[in-house]
Amino acid sequence: MNNLYDPDNIFAKILRSEIPCNKILENEFALAFSDINPQAPIHILVIPKNPYIDFYDFTKNASNKQHESFWKLVNDVIEHYKVEKEGFRIITNSGSNGNQDVPHFHVHLLGGENLGRMIG
Ligand code: 5GP
């Protein structure tokens, strides 16, 4: 585990089933669940099951199998909600400038309506 990873972050607790989540899909290396404070009709969080702090940590250190499984699950969520054609947005916040609140890598998958311009 990365020395800087906080094993008590809220998503680590979800992965250990210490707190509940509304699970949508999972595979061996990734979990998808509903955001507790949705910003759009569809707002799903996809997280790796292994302890990576943020996008950079994940992309630099995850194994090929972990990468493949993670992005496969993102695709499965897209298909689950049938938003391939109408579109969606994927966001990942990182660090203080990115205003990342939970220090376990995750992507937000948002959709179900026109999401407006990217920032602002
Ligand atoms: P970040 O700002 O780190 O990119 O986003 C963290 C996200 O986690 C926020 O959208 C927030 O609503 C969500 N969140 C925080 N705590 C919980 C929780 O306990 N359960 C779920 N399902 N989502 C959470």
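See the structure shown above.
Residues numbered from 1 in each chain as written. Predicted model: local features only at pLDDT ≥ 70, side-chain atom pairs only at ≥ 80, totals over all residues. Heavy atoms only, no water.

A. The overall build of the protein chain, seen in detail. When helices and strands are tallied, the protein chain shows three helices and five strands. For 120 residues, the compact-globule formula gives about 14 Å, and the C-alpha radius of gyration of the protein chain, at 14 Å, lands near that figure. Counting only C-alpha atoms, the protein chain reaches 40 × 30 × 30 Å along its principal axes. Burial statistics for the protein chain: of 120 residues in total, 38% are counted as buried. Long-range contacts, defined as pairs at least 24 residues apart, comprise 54% of the intrachain contacts of the protein chain with a sequence gap of at least 6. Counting only carbon and sulfur atoms, one obtains 50% of the accessible surface of the protein chain, whose full area is about 7,400 Å². Of note, the protein chain has its 11 positive side-chain charges centred 4 Å away from the centre of its 15 negative side-chain charges. (Helix = DSSP H or I, 4+ residues; strand = E, 2+ residues; numbered from the N terminus. Rg over C-alpha atoms; globule rule 2.2 N^0.38 Å. Buried < 20%, exposed > 50% of the residue type's maximum accessible area, 1.4 Å probe, protein only. Contact = heavy atoms within 4.5 Å. Areas by Shrake-Rupley, 256 points an atom, 1.4 Å probe, with all protein chains shown as cover. Lys, Arg positive; Asp, Glu negative; His and termini not counted. Charge placed at Lys NZ, Arg CZ, Asp CG, Glu CD.)

B. Layout of the packing of aromatic side chains. Within this structure, the stated rule accounts for seven aromatic pairs. Taking the centre distance of 5.4 Å and the plane angle of 75 degrees together, the rings of Tyr52 and Phe58 count as edge-to-face. Each member of the pair Tyr52 and Phe58 is classed as buried. Ring centres 5.1 Å apart and planes at 40 degrees place the aromatic pair Phe70 and Phe105 in the tilted group. (Phe/Tyr/Trp six-rings, centres within 6.5 Å; stacked < 30°, edge-to-face > 60°.)

C. Looking closely at the pattern of salt bridges. This structure, assessed with the given rule, holds five salt bridges. Here Glu18 makes a salt bridge to Arg16, at a shortest N to O gap of 2.6 Å. A salt bridge links Asp76 to Lys72, with the nearest nitrogen and oxygen atoms 3.0 Å apart. Taken together, the residues span about one helical turn, with Asp76 and Lys72 both in helix 3 (residues 64–80) at a distance of four residues. In this structure Asp76 comes out as partly exposed when scored by relative accessible area, which is 21%. (Salt bridge = Lys/Arg side-chain N within 4 Å of Asp/Glu carboxyl O.)

D. Examining unusual backbone geometry more closely. In this model, Lys82 sits at a positive phi of 55 degrees, which is unusual for a non-glycine residue. With a phi close to 55 degrees, Asn99 is a non-glycine residue in the positive phi region. Take Asn99: it is sitting in the loop between strand 4 (88–91) and strand 5 (107–111).

Don't take any of this as a statement about function, it's just geometry.
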